[in-house]
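In case you want the letters, here they are:
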Amino acid sequence: MSVTIQEAKEMIQSVPREDLGFFPTPMYRLDKLSDKLGINLYIKRDDFSGKNLFGGNKVRKLEFLIGKALQDKCEYVFTYGATQSNHAMQTVWTAVKSGLKPILYLAAVVEPDENDIKANLLLDKIFGAEIHIVSLQENESFMDAEKRSFSIGAEHLKKLEAEGHICMDIPMGGSNEVGATGYISGMIELCEQADKAGITFDYLYHSTGSGGTVAGLAAGKKLLGKDMEIHSIAALETDRYYGENMADLANKALEYIGGTPLVTKEDFIIDTGYFSPGYECPNEGMEKAVRMVAKEEGILLDPVYTGKAFAGLLSDIRTGKVKQGSSVVFVHTGGATGLFAEKAILGKIY
């Protein structure tokens, strides 16, 4: 059974939250691309969500994660990702702003040059994070290195707790039930904007990685009883349990705000056709998508997430999966700092 937008807002207000972002984020029509592509294309600018210049969509999750850390009287927050992780950088600035000490364990998909630190890793250092680089071993995948970083981080956290410190362990991407609540809130916000503008969206497209964003979006959609199709374009390799795990996460987030489980694995459309040859590895579709959106609308996508997600949208328009004349919203999740990262991540965008 669905609830009203106002009822959903009241459910969100029942859990801890720290004021870290500027909400609602803008949503508007991309007129030139709409005419070019034959659809009514809107963009939700969640790259504008943070009070820091380099905010990005993880601020939605971190409002709830940092809020709970403060309620629990934590001193340290741990989190994980790649060396150019948007989530890690956003965790760092939201932590230091809130009086918490951030500790990062970052897997080096592209090994950083200590004499020429770039982009998010540079910002992590400026904000004063404690950073541990986990270099990939021979024949080790990014996900394997990530799992190893989780283990190393857990030992560090355990040591601090044994010394009497209170710590919060934030998973990669902030993707637990607390973090996913941020995108239940995000879906409520999006639907309220659409209702006020008299728009009914047929499709929502976005990039997915660790899954907290899509879990929250799916939970919010079911909570409000909306019909739009959510298409999640994977930025990294997913396993066959991804949809099932995301459904579990979505339902835990609903329970966290006092709701009931509503989501099943059938509620997820996960497209894994656009991240190849790997996470933080460029491809031609991404390069074309970034150039198109920049030249047509003056908006910058990033090479790791939004560029590949928009490439997926373009492909679905071209093949007819997205019907001509339909209304589509693309959630811009941020990450433009990736444009200033290592050339091995950037590819041939220019």
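For clarity, every value in this text was computed on a predicted model and none was experimentally measured.

## Regarding the environment of His 332
And then number 1: Take His 332: it is sitting in strand β10 (residues 327-332).
And then number 2: Take His 332: its relative accessible area is 1%, and that puts it in the buried class.
And then number 3: Along the primary structure His 332 and Gly 179 are separated by 153 residues, whereas in three dimensions their C-alpha atoms are 18 Å apart.
And then number 4: When neighbours within four sequence positions are excluded, His 332 is seen to be in contact with Ile 43, Lys 44, Arg 45, Asp 46, Asp 47, Ile 299, Leu 300, Leu 301 and Thr 306.
And then number 5: Engagement of the side chain of His 332 in a polar contact is seen with the backbone nitrogen of Gly 334, the distance being 3.0 Å.

## Some points on the packing of helix α4 (residues 86-97) against helix α5 (residues 119-127)
And then number 1: For the pair α4 and α5, the least separation of the axes is 9 Å and the interaxial angle reads 20°. Between α4 and α5, the crossing angle belongs to the class labelled roughly parallel. Crossing of α4 against α5: the hand is left-handed. Across the interface between the two elements, Asn 86, Ala 88, Met 89, Val 92, Trp 93 and Val 96 of α4 pack against Asn 120, Leu 123, Asp 124 and Phe 127 of α5.
And then number 2: Counted by class, the contact of α4 with α5 contains 7 nonpolar, 2 polar and 1 charged residues.

## Thoughts on the sheet that holds strand β5 (residues 130-135)
The strands making up a sheet are joined through hydrogen bonds of the backbone, oriented either antiparallel or parallel.
And then number 1: Strand order in the open sheet made by the 4 strands is β5-β4-β3-β6, with parallel pairing throughout. In this open sheet, the two strands that pair with only one neighbour each are β5 and β6 (167-169). Neighbouring strand axes in the sheet, compared pairwise and without regard to direction, differ in orientation by 20° on average.
And then number 2: As defined by bridge partners, strand β3 (residues 76-82) adjoins β6 across 3 bridges and the pair is classed as parallel. Its bridge partner being in β6, Phe 78 is matched across the sheet by Asp 169.

## Concerning the sheet that holds strand β1 (residues 27-29)
And then number 1: The strand order across the open sheet formed by 6 strands is β1-β2-β10-β7-β8-β9, and the pairing between neighbours is mixed. Of all the strands in the sheet, the pair left with one neighbour each is β1 and β9 (269-271). With strand direction ignored, the average angle separating the axes of adjacent strands in the sheet is 25°.
And then number 2: As judged from the 3 bridges shared by β1 and strand β2 (residues 40-45), these two strands associate in the antiparallel manner. Across the sheet, the residue bridging to Tyr 28 is Ile 43, located in β2.

## Thoughts on the state of the cysteines
And then number 1: Scanning the model with the defined rule gives 0 disulfides in all.
And then number 2: Cys 167 provides the cysteine sulfur closest to Cys 74, a residue in no disulfide bond, and the two sulfurs are 7.1 Å apart.

## A short note on the pairing of strand β7 (residues 203-208)
Taken residue by residue, a regular strand's side chains alternate between the two faces of the sheet.
And then number 1: Of all the 6 residues making up β7, 6 are buried; the element is thus mostly covered by neighbouring parts of the structure.
And then number 2: Of the two faces of β7, both are covered, the one formed by Tyr 203, Tyr 205 and Ser 207 as well as the one formed by Leu 204, His 206 and Thr 208.
And then number 3: Two elements, β7 and strand β8 (residues 229-234), share 6 bridges in a ladder whose sense is parallel. Counted as the bridge partner of Tyr 205 is His 231 from β8.
And then number 4: In this fold, the crossover linking β7 to β8 by way of helix α8 (residues 212-224) has right-handed handedness.
And then number 5: In this sheet, β10 lies alongside β7 in parallel orientation, the contact comprising 3 bridges. When the sheet's bridge partners are listed, Tyr 203 is paired in β10 with Val 328.

What counts and how
- Residues numbered from 1 in each chain as written.
- Predicted model: local features only at pLDDT ≥ 70, side-chain atom pairs only at ≥ 80, totals over all residues.
- Heavy atoms only, no water.
- Helix = DSSP H or I, 4+ residues; strand = E, 2+ residues; numbered from the N terminus.
- Buried < 20%, exposed > 50% of the residue type's maximum accessible area, 1.4 Å probe, protein only.
- Contact = heavy atoms within 4.5 Å.
- Polar contact = N/O pair within 3.5 Å; in protein donor to acceptor, adjacent residues only side chain to side chain.
- Axes fitted to C-alpha atoms, helices over the stretch in contact; angles between N-to-C directions.
- Parallel < 35°, antiparallel > 145°, perpendicular 65-115°, else oblique.
- Left-handed = near helix turned anticlockwise from the far one by under 90°.
- Nonpolar A, V, L, I, M, F, W, Y, C, P; charged D, E, K, R; others polar.
- Pairing = 2+ DSSP bridges.
- Disulfide = S-S within 2.5 Å.
- Right-handed = clockwise from strand over helix to strand, strands pointing away.

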